[in-house]
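An overview of the molecular structure
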Amino acid sequence: NEILGEQCKAQLDAEFGEGKSTFIQCDVTHGDALRDAFQRTVDQFGQLDIAINNAGINNEKNWEKTIQVNLTSVIKGTYLALEHMSKEYGKIGGTIINVSSMAAFLHSPHQPVYTATKHGVIGFTRAIADASLQGDYGVRINVLCPAFVDTPLLHTVEDEDNMGKFVKFKDDFKRSMNKFGVLQPSLIAEGMMRLIMDNSLNGAVMKITCSKGIHFHTYEPMSA
Ligand SMILES: NC(=O)C1=CN([C@@H]2O[C@H](COP(=O)(O)OP(=O)(O)OC[C@H]3O[C@@H](n4cnc5c(N)ncnc54)[C@H](O)[C@@H]3O)[C@@H](O)[C@H]2O)C=CC1
Ligand SMILES: CC/C=C\C[C@H](O)[C@H](O)/C=C/C=C/C=C\C=C\C(=O)C/C=C\CCC(=O)O
């Protein structure tokens, strides 16, 4: 979103001064665009410390595109970030956050493929975080799962162009929204800052909900 991206950069310029930020428009599914965006960032700032794979869509009609944006590009973004951060590549470490959703815990008939991608993001992130630890990459990799957040994405709930035949389940989805409430984006930013700053976190699954705020999912140890 070029307009919002430039507006965001202008706000950062006003707060922190010119030259501290850049906006690069990039379709994460498009050829080498994502690779180029990483390279241009490193060329401008000298190194990469933090990467957040956040782009996401909710399109059950073009569900292959949803897999490309929400899962394939998160994997691609993680691997590209590792090329610029991992000790494996002679770099100095860093941190990566992949954005999943509480949809990975509460499945809805309204968005089956979106839900599958968000499960995938958790599985991939936990496994690559283990690889980072055992392979001494020096990179912490965590996953963030917000519940409903007041952003344009949430307003596609009744949109047949996005939901396809599953739009008929919109009332089920809206009942969930009423039950669980809608978060403000500032709390998601707070969760992201915690994942960035807390050096003890790797492979963590952070959940953010109205009832419990910022907290972590715990997994039962697997017994034989
Ligand atoms: N809003 C919500 O209720 C929740 C959102 N999420 C996740 O949070 C993340 C951010 O979503 P929101 O800010 O809510 O939605 P949004 O629709 O406001 O923002 C999504 C952003 O992704 C960008 N994007 C979409 N396709 C892209 C592509 N191919 N290449 C590059 N950028 C692309 C859009 O331009 C937009 O800036 C997504 O991964 C979403 O699945 C997770 C849980 C709840
Ligand atoms: C058309 C809608 C588009 C996008 C919205 C996304 O689907 C979004 O990613 C979906 C979010 C779904 C959230 C669902 C559940 C929320 C649950 C709770 O808040 C439950 C409260 C506490 C549980 C605490 C815990 O289990 O740890």
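Residues numbered from 1 in each chain as written. Chains lettered and ligands numbered in written order. Predicted model: local features only at pLDDT ≥ 70, side-chain atom pairs only at ≥ 80, totals over all residues.

**Topic: the site of ligand 1**
Near ligand 1 there are 19 residues, and of these Ala55, Gly56, Ser101, Thr151 and Leu153 occur at the shortest range. Broken down by class, the residue content of the shell around ligand 1 amounts to 12 nonpolar, 6 polar and 1 charged. (Near = placed C-beta within 6 Å. Nonpolar A, V, L, I, M, F, W, Y, C, P; charged D, E, K, R; others polar.)

**Observations concerning the site of ligand 2**
Taken together, 21 residues surround ligand 2, and among them Ser101, Met102, Ala147, Phe180 and Thr209 come closest. When residues of the shell around ligand 2 are traced back to their parent elements, those giving at least two are helix H6 (170-180) and strand E4 (205-209). For the shell around ligand 2, a count of residues per class yields 11 nonpolar, 8 polar and 2 charged. (Helix = DSSP H or I, 4+ residues; strand = E, 2+ residues; numbered from the N terminus.)

**Side note on the domain arrangement of the protein chain**
Reports of interface size often rely on the accessible area that becomes lost once the parts have come together. Split by domain assignment, the protein chain resolves into domain 1 (1-46) and domain 2 (49-216). Domain 1 and domain 2 are separated by 21 Å when their C-alpha centres are compared. Residue-level contacts link 6 residues of domain 1 with 8 residues of domain 2. For the side of domain 1 that touches domain 2, the class distribution of residues is 4 nonpolar, 1 polar and 1 charged. (Domains from an automatic or database assignment. Contact = placed C-beta atoms within 7 Å.)

**Re the pairing of strand E1 (residues 50-53)**
Side chains Ala51 and Asn53 of E1 all project onto a buried face; the interleaved residues Ile50 and Ile52 project onto a face where none is buried. Sheet topology note: the E1/strand E2 (residues 94-99) ladder contains 4 bridges and is parallel. Across the sheet, the residue bridging to Ile52 is Ile97, located in E2. (Buried ≥ 20, exposed ≤ 12 C-beta atoms within 10 Å, placed from the backbone. Pairing = 2+ DSSP bridges.)

**Notes on the packing of helix H2 (residues 33-45) against helix H3 (residues 63-85)**
Their axes nearest at 10 Å, the elements H2 and H3 cross at an angle of 30°. As judged from the angle between their axes, H2 and H3 are roughly parallel. The interaxial crossing formed by H2 with H3 has right-handed handedness. Taken together, the residues of H3 that come into contact with H2 (itself represented by Leu34, Arg35, Phe38 and Val42) are Ser73, Lys76, Gly77, Leu80 and His84. Here the contact of H2 with H3 is composed, by residue class, of 4 nonpolar, 3 polar and 2 charged. (Axes fitted to C-alpha atoms, helices over the stretch in contact; angles between N-to-C directions. Parallel < 35°, antiparallel > 145°, perpendicular 65-115°, else oblique. Left-handed = near helix turned anticlockwise from the far one by under 90°.)

**Regarding the nonpolar core**
When a protein is soluble and globular, its nonpolar side chains tend to lie buried together. Formed by 35 residues in total, the largest nonpolar core has its most connected members in Ala81, Ile96, Ile97, Val139, Leu144, Cys145 and Met206. Mapped onto this core, the elements with two or more residues apiece are H3, E2, helix H4 (112-134), strand E3 (139-146), helix H7 (185-197) and E4. Beyond its immediate sequence surroundings of up to four residues, Ile96 is in contact with Ala51, Thr78, Ala81, Val139 and Ile141. (Core = buried A, V, L, I, M, F, W, Y, C linked by C-beta atoms within 7 Å.)

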